[in-house]
Amino acid sequence: MLAAAVCPCPPLLQPQVAAGAAAELAALRESCAAALDTLAEARPDRLVVLGPGAGEDRTPYPSGAPGSFRGFGAAVDVVLGSPAPAPAPGAAPLPASLAVGAWLLADHGWAACPVEGLAVGTGCPPGRCAELGAELAAGPARTALLVLGDGSACRTVKAPGYLDERAAPFDALAAEALGAADTAALAGLDPVLAEEVGAAGRAPWQVLAGAAAGAGLAGKLLYDEAPYGVGYFVAAWS
């Protein structure tokens, strides 16, 4: 694996979804754009957009798979890949996480290489995540990953999952690992605890750990905050 950008995936990243709160997340969007710059500079042959989905295994999405923010109150449609290809005939719609990824790429003007998507079930066991990561990194293509996923959703009493005292330590561990490109620490995140504190990014992060194991990548943490009581992290690995 060549490089990775780690970004959160709340639909609120899309300004029309955020509406009046759009300015509150401006720094987060800027950090995501900086992480995507790292991917482009790596000159990959392909980019895999990786995010949480349903179930316990993976679901691939081709370039041109359609997505939408209409379910979140914004008449915004996206397709996976930028410049935007024609929607792939019969392709299943993107889950929310990959729709956010498609929007981030389009907003960035991504044109460095072809794009494909992979949703990893939030219940995917760590060992299976490692296998999926190794599969992504195998082969001659220079592969980059855009890894989408949120931290805990229990940082405050107003958070979606209310307050859980275990949430902040879990997020601190995840943030440190993402910033240091520490694949062993990411691989060691507890899937049961992650589920209990609502950290949907656990499985995608562990796929990243499997893909980058032994690659010697350096990491940089670009954002670590918990607006709305949810842990959001942005990191660049190269």
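This structure is a prediction, so every number in the text was calculated from the model and none was measured.

## With respect to the overall build of the chain
Here is step 1 of the chain: Counting its secondary structure elements, the chain contains eight helices and nine strands.
Here is step 2 of the chain: Computed over the C-alpha atoms, the radius of gyration of the chain is 16 Å, within 12% of the 18 Å expected from 2.2 N^0.38 for a compact globule of 238 residues.
Here is step 3 of the chain: A principal-axis box enclosing the C-alpha atoms of the chain has dimensions of 45 × 45 × 30 Å.
Here is step 4 of the chain: The 238 residues of the chain split such that 53% are buried.
Here is step 5 of the chain: Long-range contacts, defined as pairs at least 24 residues apart, comprise 75% of the intrachain contacts of the chain with a sequence gap of at least 6.
Here is step 6 of the chain: One finds the centroid of the 12 positive side-chain charges in the chain at a distance of 4 Å from the centroid of its 23 negative side-chain charges.

## Description of unusual backbone geometry
Here is step 1 of the chain: In this structure, Arg-43 is a non-glycine residue whose phi angle is positive, near 55 degrees.
Here is step 2 of the chain: The residue Arg-43 is located in the loop between α2 (26-41) and β2 (46-53) in this model.
Here is step 3 of the chain: When its relative accessible area of 66% is taken as the criterion, Arg-43 is described as exposed.
Here is step 4 of the chain: Phi is positive for Ala-181, which is not a glycine, with a value near 50 degrees.

## Some words on helix α4 (residues 126-137)
Here is step 1 of the chain: The terminal C-alpha atoms of α4, which comprises 12 residues, lie 17 Å apart, in line with the 16 Å expected from a rise of 1.5 Å per residue.
Here is step 2 of the chain: Inspection of α4 places Cys-129, Leu-132, Gly-133 and Leu-136 among the buried residues, and these make up the whole buried set. Axial view of α4: buried residues confined to an arc of 100 degrees, hence all on one face.
Here is step 3 of the chain: Considering only its buried residues, α4 is in contact with β2, β3 (58-61), β6 (115-121), β7 (143-148) and α8 (202-212).
Here is step 4 of the chain: Directly after α4, the chain includes Gly-139, whose backbone phi takes a positive value near 100 degrees.

## Brief notes about the packing of aromatic side chains
Here is step 1 of the chain: All chains considered together, the criterion is met by one aromatic pair.
Here is step 2 of the chain: Both rings, one in Trp-205 and one in Phe-233, keep their centres 5.9 Å apart while their planes meet at 50 degrees; by these two values the pair is tilted. On the criterion of sequence distance, the pair formed by Trp-205 in helix α8 and Phe-233 in strand β9 (residues 232-237) is long-range, its members being 28 residues apart. Like Trp-205, the residue Phe-233 is buried in the burial classification.

## A few points about the pattern of salt bridges
Here is step 1 of the chain: Enumeration according to the criterion identifies nine salt bridges in this entry.
Here is step 2 of the chain: Of the charged contacts in the structure, one is a salt bridge between Arg-46 and Glu-116, with a shortest N-O distance of 3.4 Å. Remark: Glu-116 occurs in strand β6 and Arg-46 occurs in strand β2; sequence separation between them is 70 residues.
Here is step 3 of the chain: The exposure class assigned to Arg-46 is buried, which follows from its relative accessible area of 19%.
Here is step 4 of the chain: The partner of Asp-164 in a salt bridge is Arg-166, with the nearest N and O atoms 2.9 Å apart.

## A short note on α2
Here is step 1 of the chain: Taking 1.5 Å per residue, 16 residues should reach 22 Å; α2 reaches 23 Å between its end C-alpha atoms and fits that length.
Here is step 2 of the chain: Directly beyond the C-terminal end of α2, a positive phi value near 55 degrees is found at Arg-43.

## As for the state of the cysteines
Here is step 1 of the chain: Inspection of the entire model under this criterion finds zero disulfides.
Here is step 2 of the chain: The thiol of Cys-113 is not disulfide-bonded; the next cysteine sulfur, from Cys-7, is found 15 Å away.
Here is step 3 of the chain: Of the cysteine sulfurs around Cys-129, a residue in no disulfide, the closest is that of Cys-124, at 3.7 Å.
Here is step 4 of the chain: Owing to a relative accessible area of 0%, Cys-129 belongs among the buried residues under this scheme.

## Regarding the nonpolar core
Here is step 1 of the chain: Ranked by size, the top nonpolar core spans 44 residues in total, and within it Leu-39, Leu-47, Val-49, Phe-69, Leu-104 and Leu-146 carry the most contacts.
Here is step 2 of the chain: Residue assignment for this core shows that the elements contributing at least two residues are β1 (3-7), α2, β2, α3 (96-108), β6, β7 and β9.
Here is step 3 of the chain: The leading source of residues in this core is α3, at seven residues.
Here is step 4 of the chain: Ignoring any residue separated from it by four or fewer positions in sequence, one finds Leu-39 in contact with Ala-3, Ala-4, Ala-5, Pro-44, Leu-47, Trp-110, Ala-144, Leu-145 and Leu-146.
Here is step 5 of the chain: Within the second largest apolar cluster, 37 residues are counted, among which are Val-120, Cys-154, Leu-217 and Phe-233.

About the criteria used
- Residues numbered from 1 in each chain as written.
- Predicted model: local features only at pLDDT ≥ 70, side-chain atom pairs only at ≥ 80, totals over all residues.
- Heavy atoms only, no water.
- Helix = DSSP H or I, 4+ residues; strand = E, 2+ residues; numbered from the N terminus.
- Rg over C-alpha atoms; globule rule 2.2 N^0.38 Å.
- Buried < 20%, exposed > 50% of the residue type's maximum accessible area, 1.4 Å probe, protein only.
- Contact = heavy atoms within 4.5 Å.
- Lys, Arg positive; Asp, Glu negative; His and termini not counted.
- Charge placed at Lys NZ, Arg CZ, Asp CG, Glu CD.
- Expected span 1.5 Å × (residues − 1).
- Arc of directions from axis to C-beta.
- Phe/Tyr/Trp six-rings, centres within 6.5 Å; stacked < 30°, edge-to-face > 60°.
- Salt bridge = Lys/Arg side-chain N within 4 Å of Asp/Glu carboxyl O.
- Disulfide = S-S within 2.5 Å.
- Core = buried A, V, L, I, M, F, W, Y, C linked by side-chain atoms within 4.5 Å.

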